[in-house]
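The lines below spell out each chain.
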Amino acid sequence: MEESSVPCLHLLTLHRELLVSTITSIQCLLDNLLLNGFFCQEDVEIVQRIPTKPDKVRKVLELVQCKGEEACEFFLYVIYKVCDAYRDLQPWLEDINYKPSGSVIGTEVVNSDPISRYSQKLRHEISRDTSFIMSYGQQEETRLEDLYTDTVMELLNDTNESLGFLENLNQLLGDDAVFNPQGEVIYVMGDAGVGKSILLQKFANLWSKKELKTDALFFFKFRCRMFSIFKDAEEISLRNLLFKYNCYPDHDPDNEVFDYILRFPEKVVFTFDGFDEIQEDVDILKIPEVVSPEANANALQLLMSLLSGKLLKGSNKVMTARTGIEIQSRVIRKKVALRGFSPDHLKAYINLHFKEQEHRELVSVQLDASPHLCGLCSTPLFCWIVFKSFRHLQTMHDDFHLPDTCITLTNIFLLLCEVFLSRLASPAASSLKKSTRCTSETFRAGLRPLTAFSKLALQGLERGSFICSQEEISECGLTEEDLSLGFLRPVSDYDSSGGPANFEFIHITLQSFLAAFALVLEEQTSTDFILKFFSECSWRQEVSCTPLPFCIGRPVNLSLNKPFSTNEHFLFTNLFLCGLLAKSQLGLMGHLVCPALLRRKRATLKSYLSTVVRSHMQGLPTYKGDDGTKVHVLPNFLWMVRCIFETGSRQIAQMTAKGITPYFIKLGYCNVYSGDCTALNFVLQHHRTLLRLDMDNNNISDYGVKQLRPSFSRMTVVR
Ligand SMILES: Nc1ncnc2c1ncn2[C@@H]1O[C@H](COP(=O)(O)OP(=O)(O)OP(=O)(O)O)[C@@H](O)[C@H]1O
Ligand SMILES: [Mg+2]
């Protein structure tokens, strides 16, 4: 006989033990049986008085069967309808070929199972939080699915050798390329703006829509910068950390959700975005690690315990960080390096970004003409700024073209600021007639808010904070109206206090840029303070050498020259400082700062750079190989070259090239991306003798090679 024609009453007897061992959410059954009059209050109480879960289920089955076939039919219908709560029984329903009969269809069924309700609530909230991509100006939001483009995701082993490529985000949690099964963390690394946060956003969004191949019921997303807002002494329990900074379960008097999480950690996915953004004093890590899920502890300690698997072992954890941040390989399960847009991705992104064919063509032609710009645009953030600015400035001015050959990162961020500040211009004027673009006029008109935003950015960076409170914003003299320019966006993720909203810069790199702007605008008579972050970097270096209990540390720098090492946010500020004080920016900056002061600042920076470059080059460790003297430079060499390129100073470039005495430079694993090759060329073209350059294990595409071409007469590139 087909099971579907077997009376439900018999089915319950036949599969009794399976039901007893599988059903977890008893209350939901009781609620529905009571609601539809199959059970009375007394039946419910009888079941509730039974101490153990299996016995409770046995009792429910016994009572349901006593009530007859109709009750049994309804019992199965509840299991079928509330499939999230009884997900483990769904395959069984299929096996027995269960189909609800006409008499039960339409009967009211409620889901009162706290676990599945919480899962639904999380999906709902995450879907809401992740459906839009940040855009400048809070009014202009773009749907994630309208703009998300795949990027190159390379799988690496523990020594950073390639294990192939990820084809889609479903493979992120899978077992492919796991090199350390004991490790708990799926580690996603990449440069500033390469799309780490967006990748996690997409990942969370897929989960919320049940489009991710995983049976995880809970998804908790954290941004690591939030750990900096906890006070040192503030302690929190794991339960609160999870719920307060995501959402609380509703109607869960018996704490079933948290208990379930503790029992089945594999049903949980965590994402921790931006590990590099933790700016804590290392002393905090001296507190012993927490292992009890009930204990209150410092939030950072909870984070460390989760990452190392001391808490919720077996839960899925994806963590992102900037390249160069090293975490001990024993906690890493697998590693993914984000490499930005490939040429095909870039084409796809152009098509998504520009709806008008005319714009698509214009941009493609201009990009094709400049491999350097293509190199920069392989980083999605820079690409986004360039495209957004293009679109905006195109609509305002007829004569706008994408900047060509020698565009620097400083130029890109100046473009973004110009776009923001151009909103101050009267909308009537810009919409009536396309005006001639006058960048210095736009900056001059926006000097007050620009100065205030820059001050805010600098203060934050000095404090090691990426979050600005309403109070700090007002103290800097910023008004409601200024906020709508687009530099800042509200932080919604973890404002649990109910106080006024906090804000953050739309991207940290913008904060670094504005902090550099503040140093240039500042009117102090002594100019040495502009170098403060160069010395900060060396100070950071010493701190990071302290042994940490969890062994998460910054990369150890073996070079004697510290100013080009460690803290990337400061490194970016230094880089932009070089760019803003470049000769090519004198025209613009001279409208904003007293020219005499500007000259003095330029002189201070140039003399400092000359000194550190000289001593850096002298300090490079050389060794004799079979084929001549070699030097293996470190990532800080690259930062130095980037800074020199931003200054545009041929003199310093020549001096650096002269300082390269060996015949062979190894730049392997230095995190060179295609956009850097113009900077390398800028320096290396001055090298007098033949040079071999080993670019092994970097991220230079054909665009990068094209940029190195001018130096080829003096150089062999080994890839
Ligand atoms: N896959 C993508 N598709 C479309 N746009 C993207 C993508 N990735 C990044 N972007 C664009 O680049 C911007 C910066 O990306 P994101 O914030 O993810 O960088 P990040 O790697 O997290 O940088 P950081 O290291 O500074 O945190 C995004 O706001 C978005 O506009
Ligand atoms: Mg990020």
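Only a predicted model underlies this, so the values are computations on that prediction, with no experimental measurement involved.

**Some remarks on the overall build of the protein**
Along the protein, the regular secondary structure elements total 33 helices and 18 strands. Within the span of the protein, comprising 719 residues, buried residues form 56% of the whole. About 30,400 Å² of surface is accessible on the protein, with carbon and sulfur atoms providing 51% of the total.

**Description of the environment of Leu-238**
Within the fold, Leu-238 resides in helix H12 (residues 238-244). Residues Leu-238 and Leu-302, spaced 64 residues apart in sequence, show a C-alpha to C-alpha distance of 6.8 Å. If near-sequence neighbours (up to four positions away) are discounted, Leu-238 is found in contact with Phe-258, Pro-293, Ala-295, Leu-302, Leu-306, Leu-311 and Leu-312.

**Here we look at the site of ligand 1**
Neighbouring ligand 1 are 20 residues; Thr-149, Lys-196, Ser-197, Arg-322 and His-507 lie closest to it. Separating a nitrogen atom of ligand 1 from a backbone N or O atom of Thr-149 is a distance of 2.7 Å. The separation between an oxygen atom of ligand 1 and a polar main-chain atom of Leu-381 is 3.4 Å. About the coverage of ligand 1: the protein hides 96% of its 630 Å² of free accessible area. Here the shell around ligand 1 is built from residues that sort into ten nonpolar, six polar and four charged. Each of two domains, domain 2 (118-338) and domain 3 (343-445), supplies a minimum of three residues to the shell around ligand 1.

**What about empty space enclosed by the protein?**
Per the counting criterion, the structure on display carries four cavities of 30 Å³ or more. Each pocket or cavity is described by its volume, and for the largest cavity that value is around 250 Å³. Forming the boundary of the largest cavity are 21 residues, of which Phe-382, Leu-409, Arg-642, Tyr-673 and Asp-676 lie nearest the centre. Mapped by element, the contributors of at least two residues to the lining of the largest cavity are helix H17 (371-377), helix H27 (568-580) and helix H30 (635-647). Residue contributions to the lining of the largest cavity peak at four residues, all from H30. Of the residues in the lining of the largest cavity, the class split is eleven nonpolar, five polar and five charged. Each of two domains, domain 3 (343-445) and domain 5 (513-718), supplies a minimum of three residues to the lining of the largest cavity.

**So, the environment of Arg-448**
Mapped onto the fold, Arg-448 is located in helix H22 (residues 447-463). Take Arg-448: its relative accessible area is 49%, and that puts it in the partly exposed class. A C-alpha to C-alpha distance of 9.7 Å links Arg-448 and Asp-482, two positions 34 residues apart in sequence. Setting aside anything within four residues of it in sequence, one finds Arg-448 in contact with Gly-477 and Asp-482.

**Considerations on the nonpolar core**
Among the nonpolar cores identified, the biggest contains 195 residues, and Phe-218, Phe-220 and Phe-275 are the most heavily contacted of them. Broken down by element, this core gets its largest block of residues, eleven residues, from helix H25 (residues 508-521).

**Brief notes about the packing of helix H15 (residues 343-353) against helix H16 (residues 357-368)**
Two elements in contact, H15 and H16, have axes whose closest approach is 9 Å; the angle formed by their N-to-C orientations is 150°. The angle between the axes of H15 and H16 places the two elements in the roughly antiparallel class. The handedness of the crossing between H15 and H16 is right-handed. Together, Leu-346, Ile-350 and Asn-351 of H15 and Arg-360, Val-363, Ser-364 and Leu-367 of H16 make up the contact between the two elements.

**A word on the environment of Glu-234**
You can see Glu-234 is positioned in the loop between strand S6 (218-223) and strand S7 (235-237). Note on Glu-234: relative accessible area 33%, which makes it partly exposed. Among all residues touching Glu-234, those that are not within four sequence positions of it are Ala-297 and Asn-298.

**Thoughts on the confidence of the model for the protein**
Residues of the protein with pLDDT of at least 70 account for 87%, and the chain-wide mean is 84. Note that residues 281-285 has pLDDT below 50 and, in this model, twelve contacts with residues that lie over four places away or in other chains. Counting interchain partners and residues more than four positions distant, the pLDDT-below-50 stretch residues 538-565 has 67 contacts.

**Here we look at the packing of H22 against H25**
With their axes 7 Å apart at the nearest point, H22 and H25 run at an angle of 110° to one another. One finds that H22 runs roughly perpendicular with respect to H25. Here the hand of the crossing between H22 and H25 comes out left-handed. Each of Leu-447, Leu-450, Thr-451, Phe-453, Ser-454, Lys-455, Ala-457, Leu-458, Gly-460 and Leu-461 in H22 lies in contact with H25, whose residues at this interface are Gln-511, Leu-514, Ala-515, Phe-517, Ala-518, Leu-519 and Leu-521. A class-by-class count of the residues in the contact of H22 with H25 yields twelve nonpolar, four polar and one charged.

**With respect to the sheet that holds strand S8 (residues 268-273)**
Taken in spatial order, the seven strands make up an open sheet running S4-S3-S11-S5-S10-S8-S6, and their pairing is mixed. The open sheet has two edge strands with one neighbour each: strand S4 (162-165) and S6. Along the sheet, successive strands turn relative to each other by an average axial angle of 20°, direction set aside. Bridge count between strand S5 (residues 185-190) and strand S10 (residues 316-322): six bridges; the pairing is parallel. Opposite Tyr-187, over in S10, you have Met-319 as the bridge partner. Across the sheet, helix H14 (residues 299-308) is in contact with S5, S8 and S10; its angle to S8 comes to roughly 120°.

**Quick word on the pairing of S5**
Among the six residues that make up S5, six are buried, leaving the element largely enclosed by the rest of the structure. Burial along S5 is two-sided: Val-185, Tyr-187 and Met-189 and Ile-186, Val-188 and Gly-190, pointing in opposite directions, are all buried. Two elements, S5 and strand S11 (residues 332-338), share five bridges in a ladder whose sense is parallel. Looking at the pairing, Val-185 lines up with Ile-332 of S11.

**A word on the side chain of Asn-502**
Take Asn-502: it is sitting in strand S13 (residues 502-505). The buried category is assigned to Asn-502, whose relative accessible area is 19%. Setting aside residues no more than four positions away along its own chain, Asn-502 makes contact with Ile-467, Cys-468, Ser-469, Arg-489, Pro-490 and Val-491.

**A closer look at the packing of aromatic side chains**
To describe a pair of aromatic rings, you give the distance between the ring centres and the angle between the ring planes. Applying the stated rule across the entire model yields 33 aromatic pairs. Ring centres 5.6 Å apart and planes at 75° place the aromatic pair Phe-645 and Phe-682 in the edge-to-face group. Within this pair, whereas Phe-645 is found in helix H30, its partner Phe-682 is found in helix H32 (residues 677-684), the two being separated by 37 residues in sequence. Looking at Phe-682, the relative accessible area reads 13%, which means it is buried. What links up through ring pairs into an aromatic cluster is the set Tyr-118, Phe-218, Phe-220, Phe-222, Phe-243, Tyr-248, Phe-258, Tyr-260, Phe-264, Phe-270 and Phe-272. One residue, Arg-123, lies across the ring of Trp-207, its end atom 4.2 Å from the ring centre. Across from the ring centre of Trp-639, 4.5 Å away, lies the NZ or CZ of Arg-642, which sits over that ring.

What counts as what
- Residues numbered from 1 in each chain as written.
- Chains lettered and ligands numbered in written order.
- Predicted model: local features only at pLDDT ≥ 70, side-chain atom pairs only at ≥ 80, totals over all residues.
- Heavy atoms only, no water.
- Helix = DSSP H or I, 4+ residues; strand = E, 2+ residues; numbered from the N terminus.
- Buried < 20%, exposed > 50% of the residue type's maximum accessible area, 1.4 Å probe, protein only.
- Areas by Shrake-Rupley, 256 points an atom, 1.4 Å probe, with all protein chains shown as cover.
- Contact = heavy atoms within 4.5 Å.
- Near = heavy atom within 4 Å.
- Polar contact = N/O pair within 3.5 Å; in protein donor to acceptor, adjacent residues only side chain to side chain.
- Nonpolar A, V, L, I, M, F, W, Y, C, P; charged D, E, K, R; others polar.
- Domains from an automatic or database assignment.
- 1 Å grid on protein atoms, 1.4 Å probe; cavity = no way out; pocket = protein on both sides within 12 Å on 5 of 7 lines; lining within 4 Å.
- Points joined across faces, edges and corners; volume = space filled by probe spheres on them.
- Core = buried A, V, L, I, M, F, W, Y, C linked by side-chain atoms within 4.5 Å.
- Axes fitted to C-alpha atoms, helices over the stretch in contact; angles between N-to-C directions.
- Parallel < 35°, antiparallel > 145°, perpendicular 65-115°, else oblique.
- Left-handed = near helix turned anticlockwise from the far one by under 90°.
- pLDDT = per-residue confidence, 0-100.
- Pairing = 2+ DSSP bridges.
- Phe/Tyr/Trp six-rings, centres within 6.5 Å; stacked < 30°, edge-to-face > 60°.
- Lys NZ or Arg CZ within 6 Å of the ring centre and 35° of its normal.

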